[in-house]
Structures are given as structure tokens and as C-alpha cells.
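Observations on the model geometry
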Amino acid sequence: MKIKLSLLVIAFLAVSKLFGQGTDNCVTSVILSGYSEKAYISEPITVQQLDLILKCGIKAPSGKNIQPWKFTVIKDETTMKEIIKDVVPGNVLIIVSGIVTENGTTPDFDCGLATESMFVAAHSVGLGARIYSGPAGIINSNKELFQIPSGYMAVVALRIGNIDKSVDAVSAASPRKKFEEVVNYKN
Ligand SMILES: Cc1cc2nc3c(=O)[nH]c(=O)nc-3n(C[C@H](O)[C@H](O)[C@H](O)COP(=O)(O)O)c2cc1C
């Protein structure tokens, strides 16, 4: 009887692990161990990796499912360097642009969700990623050069690439505020 019960418990744990019902799983591990890499190596990412990352961006949720984004992929080193100075060959930049609304804003929140999905997807396949909003002005001041579709404005650039695996992910990540500082439970 005891053996049967133990087997049942083991089977339950295995199934919950498989379907991500436990408290830790591959998605949460990727999120909790990720950071915004700076140390890249010049090994190109594969077409399959890039496709998967873009598909994850496209799958992001958006208000009213408007999907107000366009993704412009830049692989050419000279063009990338116009945006981020220290890119290395093999890096890829994905410019996430939002559709310009009637009041002149872009749906930044939706673009942010798509960017985060791609950031997590890149880490999940062992690549590094970093989000850059700083160069949005440079990109928007020369939309033709970067081929930003008409009616859209760049919100962020996502840099992805192979990374120096000797960098310690824990010490490389920026510290976060304490749990108690940012979470409150209403009584
Ligand atoms: C919206 C947004 C804009 C960012 N812009 C820049 C940027 O322009 N330049 C840069 O070096 N990092 C940029 N970052 C990266 C942040 O600095 C980084 O995510 C933060 O410091 C946390 O670091 P960690 O992910 O390594 O822990 C940006 C991140 C976000 C989410």
C-alpha cells in the first residue's frame, strides 16, 4: 500500500513538472536566471533561432488584439553600429515599432510585451539579449535608412546574439528591489 502511494506521488510530481504545474519550471527558471547581456561573441545566431524568437514576439498579447507592432530585423553590421556602437558581427537587432495612433502616441505597452516575449525566448535558446530604448530617437530621425514602415515609430531595439558563457549570470544582473518593497497585500 505504502509503495503504491509513493508511486502515485512520484507520478503526480513527474506530471506536474512536465506540464509546468510546479512552482519551478523551465519558463520561470529562464526568467529568474536571465539578465541583459553586454558581452557578446561573434558567432551568428541561426535562422531557426531568429524565427522562433520573432514568432514569440508575434504571439504576445495586445489590447483588443490590435497587434500594433512591426519588427524590423537588422543583421548588417554597419547599420547596426548606427544604432548601438559596440555590436559584434553575428548580433541581430530587432527594432520594435508601434503604430502611430490618432493622438500621436504608439501603443508602447503592447510593444513592450512583444519585446519581453522575445527577450525571454532568446534566453530560452541560450542566447543573450538586451533591450535598448536609448537609440529610438536616432532610428526615428532616419526611418528610411532603418526601413521603419510608414505610420510606425521605433519604440525599442532588441539586441540578440551569442554570449560569453564565462560571465556569471548572477553577478552580471542588476540588483532588484526587495520583494517587500514592491509587493503589498491588501488586508
Ligand atoms: C524599456 C527598456 C529600455 C532600456 N534601454 C536601455 C538602453 O538604452 N541602454 C542600455 O544599455 N540598456 C537599456 N536597458 C536595459 C536595462 O538597463 C536593464 O534591463 C536593467 O538594468 C536590468 O538589468 P539586468 O536585466 O541585467 O538585470 C533597457 C531596458 C528596458 C526594459
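Scope of this entry: the structure provided in the associated data block.

Rules used in this analysis
- Sequence order sets the numbering: in each chain, residues are counted from 1 along the sequence as written.
- Given that the model is predicted, a residue must reach a pLDDT of at least 70 before its local features are reported, and side-chain atom pairs must reach 80 or more before they are shown or counted; all residues, however, enter totals for whole chains, interfaces and linings.
- Put plainly, a residue is buried at 20 or more neighbouring C-beta atoms within 10 Å of its own, exposed at 12 or fewer, and partly exposed in between, counting only other residues' C-beta atoms, which are placed from the backbone.
- A run of H or I in DSSP counts as a helix once it spans at least four residues, and a run of E counts as a strand once it spans at least two, with each numbered from the N terminus.
- Strands pair, by our definition, only if DSSP identifies at least two bridges between them.
- Nearness between a residue and a molecule or strand is assessed with a C-beta atom placed from the backbone; a distance within 6 Å qualifies.
- Amino acids outside the nonpolar list (Ala, Val, Leu, Ile, Met, Phe, Trp, Tyr, Cys, Pro) and the charged list (Asp, Glu, Lys, Arg) are all regarded as polar, and Gly is one of them.
- For helices, the fitted axis covers only the stretch in contact; all axes are lines through C-alpha atoms, and the angles between them, taken along N-to-C directions, range from 0 to 180 degrees.

1. Side note on the pairing of strand β2 (residues 92-99)
- In terms of burial, β2 is a largely internal element, seven of the eight residues being buried.
- As paired elements, β2 and strand β4 (residues 152-161) share eight bridges and run antiparallel to each other. Of the residues in β4, the one forming a bridge with V96 is V156.

2. A short note on the site of the ligand
- In the vicinity of the ligand, the contacting residues are Y35, S36, R130, I131, Y132, S133, G134, V156, A173 and S174.
- If you tally residues by element for the shell around the ligand, the top one is strand β3 (residues 128-132), at three residues.
- Considered class by class, the residues forming the shell around the ligand number five nonpolar, four polar and one charged.

3. A few points about the sheet that holds β3
- Ordered by their spatial adjacency, four strands build an open sheet running β1-β2-β4-β3, and the pairing between neighbours is antiparallel. Of all strands in the sheet, those with a lone pairing partner are β1 (69-74) and β3, marking the two edges. Averaged over all neighbouring strand pairs, the angle between strand axes comes to 25°, with direction disregarded.

Note that all results are geometric; they support no functional claim without further evidence.
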